[in-house]
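Chain and residue survey
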Amino acid sequence: MSSAQVQGCPVRHGRDDRKSARLADANLQPAKNARVVGSFAAAREILRSPKVRQAGASADQIDLSRPEEISFFFLDGDKHRKRRAAVAGLFAPKTIVTRHRAVMDRTMDAIVADLQGRGSAPLDELSWQMAVDVAAEIVGLTESDSNVNLANRVKAVLDSSVSRKPGFLNTLLFNAKMIPRVGKFWKHDLAPAIEARKRQPKDDVISYMVKENYSKKGMIMECLSYGGAGMMTTREFIVMAAWHLFEKPELRERFLTGGEDDQFAILEEILRLEPVASLLHRKAAEPVEGTQGASVQEGETVCVSIREANTDEAITGPCPYELDPDRAKRMKVVGPYLSFGDGPHRCPGAQVALHETRVFLDRLFRLPGIRLVSEPEIQWNPQIQGYELRGAVVACDPA
Amino acid sequence: MVAIRFIAVDGSAQTIDATVGISLMENAVANGVEAIEAICGGNAYCGTCRVHVEPEWRKITGPITEIEEPMIEASGDTDPGVRLSCQIEVTEALEGLVVHTPESQS
Ligand code: HEM
Ligand code: FES
């Protein structure tokens, strides 16, 4: 980085392309007593360390003696590795291309037909359908009466988690067992899928859970964590990326004329600036002393601030708040920076999410007459401790 | 610094000066070896940093570790020298290492 560049574009005076930063600043709540870490290098070192454990409101209260009853989100060490390894193939780049891509295309056909038929539609409704269909295929929720009904039932369950606890997904998992709407989801979606997999196992999460004799509660918890981690996050990200592209004609042009790699670079850079999950909590089981600045005492809880780490000039270069799709390549960093976490818990669905977002937006922006007739309102979702975009309406010409 | 040679499917070769103590993948990315995509950033979760280690080097680089297995299996890459380069730490012992990069990382 040259000093001239820095002088020409000091952080505080440079362009700030972020839409969610102000709301996040006002709402983000690190767990009590947690020290916030905002340096990218130190944060990554902590997240990668085998000496730290998941922490945060519900992780501390979970009964780890019954691993088959809890989502792997809250496990650590060998048990966690085993579970991740068992489903890793479902998220591999090859599986995305050979299997999930077909689901993405099929869902997009239905979304386009629906939008062209209605003339206009709420964007988050369309992105939700995409996120649900793709995650449902991975989980194995494929025996529901219709995928629109499945999406509505999943939404009803996830929406009914109301209390507020710090950290990504903590409320969701803690409250899920208390929610009566779970009953409907169990009856219409999960139970039929389990029965089908018992007769004929497939390559999906439910088949794995059946094979490993998960309890009913364990299966519900796992499905809901995929629901929260995979569906709610992707719904918001698709709308956020669309909003940026609607607003910036040059970026949209580049997105539509560039190759897939360039499209991913644009999406990843948007995600760097607008991370859906903002805070990750870890507690040190042993002292962590890294070479990149990580230093955590035994028993101490730290809160990794994804937003701060993603805009740490040491790793972004100058003007960290500017949307610059060439940044990651120039800085030789993975495009989403820490938006999918890092280390053993790094989001397994990262590539799936980026692919479905790419497929969705590529089709959407090629529709004749596509336009944003009303901008989204940006709200705060306490479950994922992240932004939520509601009220965006898109319209296009009839088919 | 140790010299490591990457050979692409079309036969073109690139020799890099690798830094000891960090992974082969990080060295490749830092030196612009395009065939190493490494989209998960070194977490053994994407399988897009695969290399095929030349037979005479396999004893030194070692066999596939447990953490690498799921992604290598999912990639369908059956080359006997396949490894995830993010899980190979560069040491002085790798001076002169030769690896091949696969035709496609996905
Ligand atoms: C833009 C979309 C997404 C974002 C921003 C996102 C973000 C994240 C983050 C930050 C974590 C790490 C949590 C931690 O370290 O404590 C995570 C974990 C996870 N994500 Fe995602 N995610 C997305 C999409 C998906 C999708 C599509 C799926 C599956 C279909 C998924 C499944 C999971 C699961 C199962 C975990 C837990 C992994 C573990 O604890 O080992 N995510 N996600
Ligand atoms: S960088 Fe992803 S598996 Fe090595």
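Every value quoted in this text rests on a predicted model; they were computed, and no experiment measured them. (Residues numbered from 1 in each chain as written. Chains lettered and ligands numbered in written order. Predicted model: local features only at pLDDT ≥ 70, side-chain atom pairs only at ≥ 80, totals over all residues. Heavy atoms only, no water.)

**Regarding the overall build of chain B**
Selection criterion: The numbering of helices and of strands both runs from the N terminus, where a helix is a DSSP run of H or I of at least 4 residues and a strand a run of E of at least 2. Put simply, the radius of gyration uses C-alpha atoms, and a globule should come to 2.2 Å times the residue count raised to 0.38. Think of it in three bands: residues with accessible area under 20% of the maximum for their type are buried, residues over 50% are exposed, and the middle band is partly exposed, with areas taken using a 1.4 Å probe on protein chains only.
What chain B contains, in helices and strands, is three helices and five strands. Listing each helix as α and each strand as β along chain B from the N terminus yields β-β-α-β-α-α-β-β. In terms of overall size, chain B behaves like a compact globule, its C-alpha atoms giving a radius of gyration of 12 Å where 106 residues would be expected to give roughly 13 Å. Its C-alpha atoms give chain B principal-axis dimensions of about 35 × 30 × 25 Å. Burial statistics for chain B: of 106 residues in total, 50% are counted as buried.

**Some thoughts on the environment of G391 of chain A**
Residues and elements named next belong to chain A. Under the convention used in this document: Contact between two residues is taken to exist if any of their heavy atoms lie within 4.5 Å; hydrogens are not considered.
Tracing the backbone shows G391 in the loop between β10 (386–390) and β11 (393–395). Between the C-alpha atom of G391 and that of I266, which follows or precedes it by 125 residues, the distance is 24 Å. Excluding anything up to four places from it in sequence, G391 contacts D124, S374, E375 and P376.

**Remarks on the coordination of the iron atom of ligand 1**
Worth spelling out the cut-off: The rule for donors is simple: N, O or S, within 2.8 Å of the metal, or within 3.2 Å if the metal is Na, K or Ca. Water isn't counted, so a site may look like it is missing partners.
For the iron atom of ligand 1, the protein contributes exactly one donor atom, C347 of chain A (SG), at 2.3 Å. Position of C347 of chain A among the secondary structure elements: in the loop between α16 (327–331) and α17 (350–365).

**A short note on the sheet that holds strand β2 (residues 13–18) of chain B**
All names here are of chain B. As a reminder of what qualifies: Pairing between strands is defined by DSSP: at least two bridges between them are needed. Axis definition: a line fitted to C-alpha atoms, over the contacting stretch in the case of helices. Angles run 0 to 180 degrees between N-to-C directions.
With respect to topology, five strands assemble into an open sheet ordered β2-β1-β5-β3-β4, the strand pairing being mixed. The open sheet has two free edges, formed respectively by β2 and β4 (82–84), since each of these has just one partner strand. Across this sheet, the average inter-strand angle for adjacent strands is 35°, counted without regard to direction. When strand β1 (residues 2–7) meets β2, the two strands line up antiparallel, connected through six bridges. When the bridges of β2 are listed, V2 appears paired with A18.

**Observations regarding the site of ligand 1**
All names here are of chain A. Cut-off, in case you're wondering: Nearness of a residue to a molecule or strand requires only that one of the residue's heavy atoms be within 4 Å of it. By the criterion applied in these results, polar contacts are pairs of N or O atoms within 3.5 Å in which, for protein atoms, one can donate a hydrogen and the other can accept it, and in which residues neighboring in sequence qualify only through two side-chain atoms. Put plainly, a pocket is an open set of points on a 1 Å grid over the protein atoms alone with protein on both sides within 12 Å along at least five of seven lines, a cavity is a set where a 1.4 Å probe fits but cannot get out, and a lining residue has an atom within 4 Å of a point. Molecule-in-pocket calls rest on the fraction of atoms, with more than half required to lie within 2 Å of the cavity or pocket grid points. Basically, the charged four are Asp, Glu, Lys and Arg, the nonpolar ten are Ala, Val, Leu, Ile, Met, Phe, Trp, Tyr, Cys and Pro, and anything else, Gly included, counts as polar.
Near ligand 1 lie 28 residues; those nearest to it are Q54, H80, R282, H345 and C347. R282 is positioned with one of its side-chain polar atoms (N or O) 2.6 Å from an oxygen atom of ligand 1. At a threshold of 2 Å from the grid points, most atoms of ligand 1 map onto the largest cavity. No other element matches helix α11 (residues 216–247), which puts six residues into the shell around ligand 1. Its residues assigned to classes, the shell around ligand 1 shows 16 nonpolar, nine polar and three charged.

**A look at the interface of chain A and chain B**
Using the following cut-off: Throughout, buried area stands for the accessible area (probe radius 1.4 Å) lost by two parts on being put together, summed over both. Take a side-chain nitrogen of Lys or Arg and a carboxyl oxygen of Asp or Glu: if they are within 4 Å of each other, that pair is a salt bridge.
Contact with chain A, which involves 17 residues of that partner, is made by 19 residues of chain B. Roughly 1500 Å² is buried in total at the junction of chain A and chain B, and carbon and sulfur atoms are behind 59% of that figure. At the surface where chain A touches chain B, the tally comes to one salt bridge. Its salt-bridge partner being E34 of chain B, residue K329 of chain A comes within 4.0 Å of it at the nearest N-O pair. For the pair chain A and chain B, the interface holds six residue pairs in polar contact (both at pLDDT 80 or more). Put simply, the parts of the chain that give the side of chain A that touches chain B at least two residues each are α4 (77–87) and α5 (93–118) of chain A.

**Describing unusual backbone geometry**
Residues and elements named next belong to chain A. Phi at N213 takes a positive value of approximately 55°, unusual for a residue other than glycine. On the secondary structure map, N213 appears in the loop between α10 (205–211) and α11. Judged by relative accessible area, which is 64%, N213 ranks as exposed.

**A word on α5 of chain A**
All names here are of chain A. Under the convention used in this document: One less than the number of residues in a helix, times 1.5 Å, gives the span that helix is expected to have.
Taking 1.5 Å of rise per residue, 26 residues should cover 38 Å, and α5 covers 35 Å from first to last C-alpha, within 8% of that figure. The secondary structure elements touched by the buried residues of α5 are β3 (120–122), α6 (123–139), α17 and β11. Just downstream of α5, G119 is the residue with a positive phi angle, here 90°.

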